[in-house]
Every structure is written in structure tokens, then in C-alpha cells.
Amino acid sequence: MSLNVLGLSFGHDGSASVVKNGKLIAHIASERITRVKKQRGVNKRVIKYVLDKAKMKLTDIDIVALINWFWDKGFEGEELFDKEEEGFAVITERGIEYSLEDYAEFYRNVSMAAQGVFTIQIGDQAKPCIHVDHHFAHCAYTYFMSPFDDALCFSLDVNDNMGNNHSAYYFDRENHHPIRKGDDFSVGAFYSQICDFLGFYPSLTDAGKVMALAAYKKHSSIANHFTWPEVIKMGDIYHGDQYSHLLGAHGQNMFTKRNLYPQLKGEGGKADKKWLDKKDWNKPLSKQIAADAQFILEQSVHNFIEELEKNFKLTNNLCVVGGTFLNCVMNGMLEKKFPKLNIWAAPACGDDGLSIGASLFISNKLDKNKKSEITEKSKKKINHTIQENISGGKKYYEKEILETIKDYDEIKYEKPDDLIPIISKELQNEKIVAWFQGESEIGPRALGRRSILADPRKQNMKDILNKKIKKREEFRPFAPLVLEDEADEWFDVKEGKSYPFMLFSLKCKASDEIPSAVHIDGTARIQTVNKSNGAIYDLLYQFAEDTDIPVLINTSFNTQGQPIVEDPEDAIETFLDTEIDILVLEKYIVRKK
């Protein structure tokens, strides 16, 4: 009998997932539904969304996997996501409510990956539930969604809010083995602090700006002394505090700490007066600190993985995960430095992927017998295709799309027999195209389902997109789509490897031909596309036929501070609120009147 698992993550980047017999069949980040960036927790609308996608009701769910049940607190000790307001509660086997002390005890046991079985109350319905460790859920996500039979999985984050900032596990098809877990490798938190100091706070949303700015300067020699493990040598005056070291070396007050907490807008906290102004990003100091921070991050993670590899010669497969591994520049560096390793990163590296990992793990360890009883039984890993890694949300069909279009008097529309050559020509004519196709993507980056597209050959297209559409800082780059079978002619790819999730930054071999898709250092965060990608492949192939350039600029279909659009209404509202020229809604071409 099928075992249906619902995964719920209650921290920032809240999300819900449904796994059926070891296969992910539905996922959504809460922000896509609530339209609040980095939304904490889940609500009943989010749960209903994934259940609808899975063609299930809550009564069909056998067990719930919970992550981050207790998470960030405000200045008064209050939880920042009110579970009671949504009708959520967890009851222990003793019939009393699950407490913060119970949760802390779970996290103090470093060998424990899951705790339960308890009962979760969702409104007037109750379901058995199991708590899953934060970093372990990260590792389970990247392993179970990978193509590997076995892998060393490394999770690195700011922290799990219980003091741990990283963990490593070895997975094979039937078991997992803890290798390292702790709070002594805090380079993710260091990078987050530097983001705040540079004025790009809150770092939870804007850490990528440090990565972009770092390309404008070479790292200084002093940064070599602050990498791990160099910085934790005996006698270090700041006890390995990379943040204090770097600020002090640049003549800044090394005791300036992050006090902007909590990390999301509207949740209190204020910037330190000693922090730099983000408007001064073009000054040498800001660029140098960003470059040094990026180097310290890269070299520290490199050294850490090197140590893991030396101490645990278990496999050549390495799965990386956690919000820190959204740093695609670092990922590209790691691939170059470890050519013998097969490095995998799945699209929801951040906390939005936790609900997937937790539910896949529970599904792998439990079963349901003919009497509908849940039993413990390890099962072999079920592999997911690349498109199953990407697809999470619902598909919106023609009737719903057409009804939504007709609600807006400001737009006109057509349904051509073949929109692909039309849109290719519009892109060549310097039009900016919003692209809405199929099920929405898993993860924070547009992967050809909810994208804004443009011609990379135009020298000023990056500036146009930043100023007119995305409202971003001018130093931030855009990423390219590239035909997979031609990627090696354009980028320094690893032989035989595809890059489907926009998680690796690689050197471009022809920057002059696609200037708006390449960063100032000649690199680009690529996404390779093949026939399995559907309509976006057709468009890219047509553009290549027309121009001899198999590359398009691809950025997420949203504006600054907003989540990526989810449904046709979100798409039209964003289209009307921006200077996007054309909107493609499945088979319809929409223009402003």
C-alpha cells in the first residue's frame, strides 16, 4: 500500500511537500502563496495547495514530517510564526503539548536525526508526526534528489537556531551514517554578518549581493590568514571570529556585531550606525571587504571538504546543501579544485527544501502494510529525474488562464499557431519577455518556468533589466540559459556534466558575444537546457537558429523584494507593474494596450 507523507517546515522559507512511496509529487514554498518574501511557516492554504497538486486530502496523509517546529524568536521571546493562530499543535505520547525543552533535548542528542512519533493537530484533524533535524533534512533532500546510489552529504547554513551551523552524513541506498555535526565551522554566519555590515541587510534575502560585488576586486593577502582552519589555531585572540578579524584588518571596529535580528523586514531590529551604506558599494573599501569575504568563504569550505575527503574515503560523490551553497561562485570553484569529485547541488539548497528532505527520509524509513499499519522498513532510494527536481507546483490550464486574462481591460492577447518564432523575433528586437510555462520551479531561481527573458547580445540589456524591471543595484549580473549540447563551446563546463539548476558559476569562453549575460569577471551562472525542459528549449533552439547564439538571459519573474510569480494573476499583475514588453502565458501572447 502507498505511504503518503506530508512535509512541513516552520522556519523562514517555510514550505510544504507531499511524498508518495519515496517520490516527490508536490512542493511549494509558502512565499509563492502568501506573496511575502521568505515567509515563515505554513498555513492551511499552503497545505491545501500541495494536497491539491497531489490529488489528495489531508485524510489521505499517513504521517507528517516536521522541521523547525520551534524557530526564531523576537525581542520579547515571542515566536515569529504564530502556530496557534493557524490551529497547529503537537501533542506528545503523554498527552501534553510538545515543549521547547523537548525540542532542545532532541537537538542536544547529536546522533538523533528524528524524534517521535507524536500527534500534530491541523485545525480539527490530527495526524501522527515526526520531528526531523534541520541539517539532516538538508542532507536527506540533496541525497534523495541526487542521481547517486551513495554520497557524502555536507550541509552548511548560518545555523539551525539550536547552535549547529553544519553537518555531514554518508548515505547509501538503505542507510545514513552521521560523520560530523557542530557549531565550530561558522563561515556561513560570517558571510551573513559581512552582508549586513556592507549595508545589504537583511542578509537572509541579500547575501547574493556580496557574491556579485566581490567580482569587482581581487582579494587581499590578509584574507589568507582568516580562512578555516588557519583562523582557529591555538592562541587566536578572537577565538576564530572571522568577522572581527576581517573588519579589524580593514581598520573598522571589529566589535561591531550584527544586531539586526530577526532577519526579515518588519520583524524589528535596526542597523548598527557603524555599518557601511549600501549606496557606497562602488567605493574601494566595500569592494575589498566583499572580495575578501568571498575568498574566506570559498577557501574555508574548500579546506573543510578536503578534510572530510581525507578522513572519510567513502565515495567520490559529494552532495552539498544549505543556504550557503546558493553561492554559485563558490560552487564553481569547488568543482575546479576537486575534479575527481562528482558534486551535486539540488535547486532548493536553502530552507525551502527542508520539507522535501524530511518527507523523503520518513518515506524511505517507513512503510504501510495491508492492514494500513505504519511499520519501520528501510527501502531502496528512488531516483528523481532532472525535471522532477525542478517541478513542484501546479500546472495552470487554458480555461483558467483565459478567464484570468479576460479579467483585465488593460491588456490584449492572441493565441498564435506557433508562438516560438514570434517570441524569438521579439527578443531579437530587444523586447523583454516574461515567460510563464508549466509547473512552477522548486527553489529560489527561475529555471525556465517563471522567467524574464532577454537578448544577451545587447551591451546595455543588463542595465535595462536592472533599472527598469528588477530595480536592482547596477553591479548585479544576470544568468544565461544555454543549449546543453553547445554549452562546452561557450562555457568552461566539466566534461560530461550538465548544469540544470543555475547553481554553478563558470568561465565564459565568448564574453564579447553575450556581454549582458556575463559578469565583470567573465563568469556566468549558467543553466543548461535540453529537450526535457519543454517550451523553453524550443524557444532557445529557435533563437539559436535565428542568431547562431544558443544563449538567452534568464532572470526570475518578479520584482525586487517580491517572490517569483506563481499563478496567472500574479504574472499579469507583475507584467502590468513593470516595463516588461510581452507576457507569454502558456500558449497566449499578452501585450499592454
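None of these values were measured; they are calculated from a predicted model.

## Focus on the overall build of the protein
Thought 1: The helix and strand inventory of the protein stands at 18 helices and 24 strands.
Thought 2: In terms of C-alpha radius of gyration, the protein reaches 23 Å, essentially the compact-globule figure of 25 Å for 593 residues.
Thought 3: Seen along its three principal axes, the alpha-carbon backbone of the protein occupies a region of about 65 × 60 × 45 Å.
Thought 4: The buried share among the 593 residues of the protein stands at 61%.
Thought 5: Partitioning the contacts of the protein with sequence separation of at least 6, the portion at a separation of at least 24 is 69%.

## Overview of the packing of aromatic side chains
Thought 1: Enumeration according to the criterion identifies 32 aromatic pairs in this entry.
Thought 2: Taken together, a centroid distance of 6.0 Å and an interplanar angle of 50° make the contact between Phe-10 and Phe-81 tilted. Note that Phe-10 is positioned in the loop between strand S1 (4-9) and strand S2 (15-20) and Phe-81 in the loop between strand S4 (63-67) and strand S5 (88-91), a separation of 71 residues in sequence. In this pair, the class of Phe-10 matches that of Phe-81, namely buried.
Thought 3: Seen in terms of ring centroids, Phe-136 and Phe-171 are 5.8 Å apart; in terms of plane orientation they differ by 25°. Their pairing is stacked. In this pair, Phe-136 is assigned in helix H4 (residues 134-144) and Phe-171 in strand S9 (residues 166-171), connecting sequence segments 35 residues apart. Each of the two residues, Phe-136 as well as Phe-171, counts as buried.
Thought 4: Members of the aromatic cluster, joined through ring pairs, are Phe-70, Tyr-98, Tyr-103, Phe-106, Tyr-107 and Phe-118.
Thought 5: Above the face of the Trp-69 ring, Lys-83 is positioned so that its terminal group lies 4.7 Å from the ring centre.
Thought 6: In this arrangement the basic side chain of Lys-497 is found over the ring face of Phe-504, its NZ or CZ atom lying 4.1 Å from the centre.

## Considering the side chain of Asp-160
Thought 1: Topologically, Asp-160 is positioned in the loop between strand S8 (151-156) and S9.
Thought 2: Of the buried charged residues, Asp-160 lacks a salt bridge, with Lys-181 as the closest side chain of opposite charge at 5.2 Å.
Thought 3: Only 3.2 Å separates the side chain of Asp-160 from the backbone nitrogen of Gly-163, close enough to count as a polar contact.
Thought 4: Every residue in contact with Asp-160, bar those within four places of it in the chain, is listed here: Trp-71, Tyr-107, His-134 and His-135.

## Some points on the sheet that holds S4
Thought 1: Taken together, the seven strands give an open sheet; going across it, the order is S3-S2-S1-S4-S7-S6-S5, and neighbouring strands pair in mixed fashion. Across the chains shown, the open sheet's two edge strands, defined by having one partner strand only, are strand S3 (23-29) and S5. Put simply, the sheet's adjacent strands are angled 30° from each other on average, direction ignored.
Thought 2: As defined by bridge partners, S5 adjoins strand S6 (residues 114-122) across four bridges and the pair is classed as antiparallel. Counterpart to Val-90 in the pairing with S6 is Ile-120.
Thought 3: Helix-sheet contacts for helix H3 (residues 100-108) involve S6 and strand S7 (125-132), and the interaxial angle to S7 is about 35°.

## Thoughts on the nonpolar core
Thought 1: Counting residues in hydrophobic clusters, the biggest one holds 190 residues, and the most contacted among them are Leu-8, Trp-69, Phe-154, Val-301 and Ile-423.
Thought 2: Take this core: its biggest share by element is ten residues, from helix H9 (residues 284-311).

## As for the state of the cysteines
Thought 1: For the structure shown, the criterion picks out zero disulfides.
Thought 2: Here Cys-349 is not cross-linked by a disulfide; its sulfur's nearest cysteine counterpart is in Cys-319, at 10 Å.
Thought 3: By relative accessible area, Cys-349 is classed as buried at 0%.
Thought 4: Summary of cysteine pairing: Cys-508 is not part of a disulfide, and the nearest cysteine sulfur, belonging to Cys-328, is at 14 Å.

## Digging into the pairing of S1
Thought 1: For S1, a buried count of six out of six residues is recorded, marking the element as mostly surrounded by other parts of the structure.
Thought 2: Here S1 shows no split at all, with Asn-4, Leu-6 and Leu-8 on one side and Val-5, Gly-7 and Ser-9 on the other all buried.
Thought 3: Relative to S2, S1 runs antiparallel, the two being bridged by six bridges. Opposite Leu-8, over in S2, you have Ala-16 as the bridge partner.
Thought 4: Relative to S4, S1 runs parallel, the two being bridged by five bridges. Of the residues in S4, the one forming a bridge with Gly-7 is Ala-65.

## What to know about the pattern of salt bridges
Side-chain pairing between opposite charges can occur once the charged atoms of the two side chains come close.
Thought 1: What the rule picks out here adds up to 25 salt bridges.
Thought 2: Lys-377 is the partner of Asp-367 in a salt bridge, and the nearest nitrogen-oxygen pair spans 3.8 Å. Of this pair, Asp-367 sits in strand S13 (residues 366-368) while Lys-377 sits in the loop between strand S14 (374-376) and helix H12 (386-390); the two residues are ten residues apart in sequence, bridging distant segments of the chain.
Thought 3: Note on Asp-367: relative accessible area 15%, which makes it buried.
Thought 4: Since its relative accessible area comes to 47%, Lys-377 is described here as partly exposed.
Thought 5: One network of salt bridges, in which partners are shared, links Asp-206, Lys-209, Glu-473 and Arg-476.

## So, the packing of helix H5 (residues 187-197) against H9
Thought 1: At a minimum axis distance of 10 Å, the contact between H5 and H9 shows a crossing angle of 170°. Taken together, the axes of H5 and H9 are roughly antiparallel relative to one another. Residues Val-187, Phe-190, Tyr-191, Ile-194 and Phe-197 of H5 pack against Ile-289, Ala-293, Gln-294, Ile-296, Leu-297, Ser-300 and Val-301 of H9.

## A closer look at helix H15 (residues 461-470)
Thought 1: The complete set of buried residues in H15 reads Met-461, Lys-462, Leu-465, Asn-466, Ile-469 and Lys-470. All buried residues of H15 project into a common sector of 135° when viewed along the axis, lining one side.
Thought 2: Next to the buried residues of H15 lie strand S17 (450-454) and strand S22 (551-556).
Thought 3: Looking one or two residues past H15, Lys-471 carries a phi angle of roughly 55°, positive in sign.

## Points about the sheet that holds strand S16 (residues 433-436)
Thought 1: Taken together, the eight strands give an open sheet; going across it, the order is S15-S24-S23-S16-S17-S22-S18-S21, and neighbouring strands pair in mixed fashion. The two strands at the open ends of the sheet, each matched to only one other strand, are strand S15 (411-414) and strand S21 (527-529). Each adjacent strand pair in this sheet contributes to an overall mean axis angle of 30°, direction not counted.
Thought 2: Summarising the sheet, S15 and strand S24 (residues 588-592) pair through four bridges and their orientation is antiparallel. The partner of Tyr-413 across the bridge, within S24, is Val-590.

What counts as what
Residues numbered from 1 in each chain as written. Predicted model: local features only at pLDDT ≥ 70, side-chain atom pairs only at ≥ 80, totals over all residues. Heavy atoms only, no water. Helix = DSSP H or I, 4+ residues; strand = E, 2+ residues; numbered from the N terminus. Rg over C-alpha atoms; globule rule 2.2 N^0.38 Å. Buried < 20%, exposed > 50% of the residue type's maximum accessible area, 1.4 Å probe, protein only. Contact = heavy atoms within 4.5 Å. Phe/Tyr/Trp six-rings, centres within 6.5 Å; stacked < 30°, edge-to-face > 60°. Lys NZ or Arg CZ within 6 Å of the ring centre and 35° of its normal. Lys, Arg positive; Asp, Glu negative; His and termini not counted. Salt bridge = Lys/Arg side-chain N within 4 Å of Asp/Glu carboxyl O. Polar contact = N/O pair within 3.5 Å; in protein donor to acceptor, adjacent residues only side chain to side chain. Pairing = 2+ DSSP bridges. Axes fitted to C-alpha atoms, helices over the stretch in contact; angles between N-to-C directions. Core = buried A, V, L, I, M, F, W, Y, C linked by side-chain atoms within 4.5 Å. Disulfide = S-S within 2.5 Å. Parallel < 35°, antiparallel > 145°, perpendicular 65-115°, else oblique. Arc of directions from axis to C-beta.

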